[in-house]
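# What the coordinates show
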Amino acid sequence: MPLIAPEMLGEIIATASDLAIVISLEGRILSVLVNAGHRAHGHLDHWEGRDIRDVLTEDSQPKLEAKLRLFSEGGDSARPVELNHTDGKSWDFPVRYSFHRIGPNGSVLLMMGRDLRPIAEMQMQLIEAQMALERDYETQREYDTRYRVLSEATRDAFVFVGTRSGRVVDANPAACALLGASRNDLIGAAFAQEFDGRRRAEFVEALNLRAMDNAAGPLEAEARRSKTPVRIVPTAFRAAGEPLVLCRIELADGAGTGATEMAETLRAFFEEGVDAIVFTDPDGTILTANESFLGLADAPQVASVKGRSLGDYLVRGSVDLRVLVENAIRSGQMRMFATKLAGEYGAQISVEISATYLSDQSHPCIVFVIRDASRLEGVRKPGVAVSDDAMRSVMELVGSATLKDIVAETTDVVEKMCIETAVELTRNNRVAAAEMLGLSRQSLYVKLRKYGLLSRDGGHD
């Protein structure tokens, strides 16, 4: 087989690598071959005859020493090593080398290197691009935070509407209050449907025309949910290539003045009123409460009662709450329900509760007005009020029956009235009525049968 000429071998080696160095096992450079198409290193002929350690950085020298020691001991390793070259203080560059034994008895090492500067430059560009993205992201977060704070703090009502879709992109709290809807209900919904008698296409077109004509006046409309006359002042702009309309919403002249004053008066009454006021959802879960209720319940703050059931603060718990909620939802209101309120630390106080169901709101709720009745107990006559007819029938017994019989008859009359009242309040729920009266279910059935009340329709457990 013909041998390859030395000059051709050198050319092959130089072509297969960016930089090839032939060294002795002691580390002296015997030859340097540079790829003809890769002249980034320049001419390195002056390295020949020098110790390779002289053209390596300090952190790379231990790596080379480990490799030379391995080959001197007869070992071999195919794992490449990354070495950083330097030639004076003007420049340095990284190269990944693979080591190969050549020459007689393998006494010479061929280091075939691949220049890592293009990879390093690409990595540096990637890092710089990532850092630029991070800076842009932080800037975006800063502007987003400023926008959110401004949106929450401003008293002006505004809504962002997509020009093509006519749907709400964003709305601030002032706009939500003016339109009578939550932010979640507004976002993604057609803006035109928030106003009476408005079609989407015509409404969006009217907004666009007024936005382009500076001389055009605001668009008059009436909010569908709050029934409030408003004026809409549109401003067209484009963000990230998407056309949008900023709609500033104002109260029409003279509109809402009385409503605003009434709202402020009611809020002041709620916060400073002497009676406890509690707002709950239709299930009896507390939404908010005033200071008077916190005082009755021995609660430190509104957050400690919000989200809890009002039944947690009633002595008879869910029994009283079910009676109050069911009657309020059925008839719209319930008046003067007498019970006892239990505080956070077990203290009990007699109260009278009135409940009103607000069903025409976007989120129906029940308002409970709770009045302290403990002072009235001392001036009230003991016992249960008896009707005139019942009292007259008892008085007719005088002279014809003994006192013992008259008292027994009176007791039966009062007992029957109490059972009838409990059954009516619980809508003929015998289990709830028994709990309200402090009786067992069997005892209640006995008394219902005794007074002929067991045959009432609709009774259920």
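As shown above, the structure is provided for reference.
Now for a look at the structure at hand. (Residues numbered from 1 in each chain as written. Predicted model: local features only at pLDDT ≥ 70, side-chain atom pairs only at ≥ 80, totals over all residues. Heavy atoms only, no water.)

### A look at the sheet that holds strand S1 (residues 19–24)
Formally: Here, any two strands with at least 2 DSSP bridges between them count as paired. Think of it this way: any DSSP run of H or I at least four residues long counts as a helix, any run of E at least two long counts as a strand, and we number them from the N terminus. Only the stretch in contact is used when fitting a helix axis, every axis being a line fitted to C-alpha atoms; angles between N-to-C directions are given from 0 to 180 degrees.
Within the open sheet, the five strands sit side by side as S2-S1-S5-S4-S3. Their pairing is antiparallel. The open sheet has two edge strands, strand S2 (29–34) and strand S3 (81–86), and neither has a second partner. Pairs of neighbouring strands in the sheet enclose a mean axial angle of 30°, with direction left out of account. Here S1 pairs with strand S5 (residues 108–115) via six bridges, running antiparallel. Each residue of the ladder has a partner; that of Ile 21, found in S5, is Met 111.

### Notes on the sheet that holds strand S11 (residues 276–280)
The five strands lie next to each other as S12-S11-S15-S14-S13, forming an open sheet whose pairing is antiparallel. Two strands in the sheet have a free side with no partner beyond their single neighbour: strand S12 (286–289) and strand S13 (333–342). The sheet shows a mean angle of 25° between the axes of neighbouring strands, direction not considered. Where S13 lies against strand S14 (residues 348–358), eight bridges are found, and the strand directions are antiparallel. In the strand pairing of S14, Lys 340 is matched with Ser 350.

### Considering the pattern of salt bridges
The following threshold applies: Each reported salt bridge corresponds to a side-chain nitrogen of Lys or Arg within 4 Å of a carboxyl oxygen of Asp or Glu. Only protein chains enter the accessibility calculation, which uses a 1.4 Å probe. A residue is then buried if its area is under 20% of the maximum for its type, exposed if over 50%, and partly exposed in between.
On inspection of all chains with the given rule, the structure shows 17 salt bridges. With its nearest N and O atoms 3.9 Å apart, the salt bridge here joins Glu 138 to Arg 141. Taken as a pair, Glu 138 and Arg 141 lie in helix H3 (residues 117–153) at a separation of three residues, close to a single helical turn. In this structure, Asp 170 and Arg 148 form a salt bridge, with 3.0 Å as the shortest nitrogen-oxygen distance. Placement of Asp 170 in strand S7 (residues 168–171) and of Arg 148 in helix H3 is noted, with a sequence separation of 22 residues between them. When its relative accessible area of 7% is taken as the criterion, Asp 170 is described as buried. Given the relative accessible area of 34%, Arg 148 is considered partly exposed. Connected via shared salt-bridge partners are Asp 51, Arg 53 and Glu 65.

### Examining the environment of Ala 20
Mapped onto the fold, Ala 20 is located in strand S1. Accessibility expressed as a relative area gives 1% for Ala 20, which makes it buried. As a C-alpha pair, Ala 20 and Ser 31 span eleven residues in sequence and 8.3 Å in three-dimensional space.

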